[in-house]
Amino acid sequence: MSIDSPNTEFTVVLNAQEQYSIWPTYHPVPNGWTEVGVKGNKEHCLKHISEVWTDMRPKSLRDAIEALES
């Protein structure tokens, strides 16, 4: 299986900073990343990410800004 193959299945993953990525299902998910339950071809997974990841700032930055504003 190749990462560039249109038949490659991906899973959407999330890290502790609430940043998203896609990972091919034929490889184990790397440490620090968690599957969110969305699988499919590359386009499907990237579409999901574009719908849910509306603030691309890392969680630590969002938290720091929120603390300054409080």
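Residues numbered from 1 in each chain as written. Predicted model: local features only at pLDDT ≥ 70, side-chain atom pairs only at ≥ 80, totals over all residues. Heavy atoms only, no water.

Draft legend 1. Highlighting the overall build of the protein. A tally of helices and strands in the protein yields two helices and three strands. Computed over its C-alpha atoms, the radius of gyration of the protein comes to 14 Å, more than 25% above the 11 Å expected for a compact globule of 70 residues. With the C-alpha coordinates aligned to their principal axes, the bounding extent of the protein is approximately 50 × 25 × 20 Å. Every one of the 70 residues in the protein was classed for burial, and the buried ones make up 20%. By sequence separation, contacts in the protein at least 24 residues apart represent 40% of the contacts at least 6 residues apart. (Helix = DSSP H or I, 4+ residues; strand = E, 2+ residues; numbered from the N terminus. Rg over C-alpha atoms; globule rule 2.2 N^0.38 Å. Buried < 20%, exposed > 50% of the residue type's maximum accessible area, 1.4 Å probe, protein only. Contact = heavy atoms within 4.5 Å.)

Draft legend 2. Representation of the sheet that holds strand 3 (residues 33–40) within the structure. Strand order in the open sheet made by the three strands is 2-1-3, with antiparallel pairing throughout. Across the chains shown, the open sheet's two edge strands, defined by having one partner strand only, are strand 2 (20–24) and strand 3. Each strand of the sheet is rotated relative to its neighbour by a mean of 35 degrees, with strand direction disregarded. Across five bridges, strand 1 (residues 10–15) lies against strand 3 in antiparallel orientation. Residue pairing for strand 3: Thr-11 is matched across the bridge by Lys-39. (Pairing = 2+ DSSP bridges. Axes fitted to C-alpha atoms, helices over the stretch in contact; angles between N-to-C directions.)

Draft legend 3. Geometry of the packing of aromatic side chains. On inspection of all chains with the given rule, the structure shows one aromatic pair. Ring plane angle 55 degrees and centroid distance 5.8 Å describe the contact between Tyr-20 and Trp-53, whose orientation is recorded as tilted. Taken together, the residues span a long stretch of sequence, with Tyr-20 in strand 2 and Trp-53 in the loop between helix 1 (42–52) and helix 2 (59–69) at a distance of 33 residues. Using a relative accessible area of 16% as the deciding quantity, one classes Trp-53 as buried. (Phe/Tyr/Trp six-rings, centres within 6.5 Å; stacked < 30°, edge-to-face > 60°.)

Draft legend 4. Quick look at the pattern of salt bridges. Applying the stated criterion to the full structure yields five salt bridges. Ionic pairing is found between Glu-51 and Lys-47, a salt bridge with its closest N-O pair at 2.6 Å. In this pair, Glu-51 and Lys-47 both sit in helix 1, four residues apart, roughly one turn of the helix. On the basis of relative accessible area, Glu-51 is assigned to the partly exposed category, the value being 49%. (Salt bridge = Lys/Arg side-chain N within 4 Å of Asp/Glu carboxyl O.)

By themselves, these are just geometric observations and shouldn't be taken as functional.
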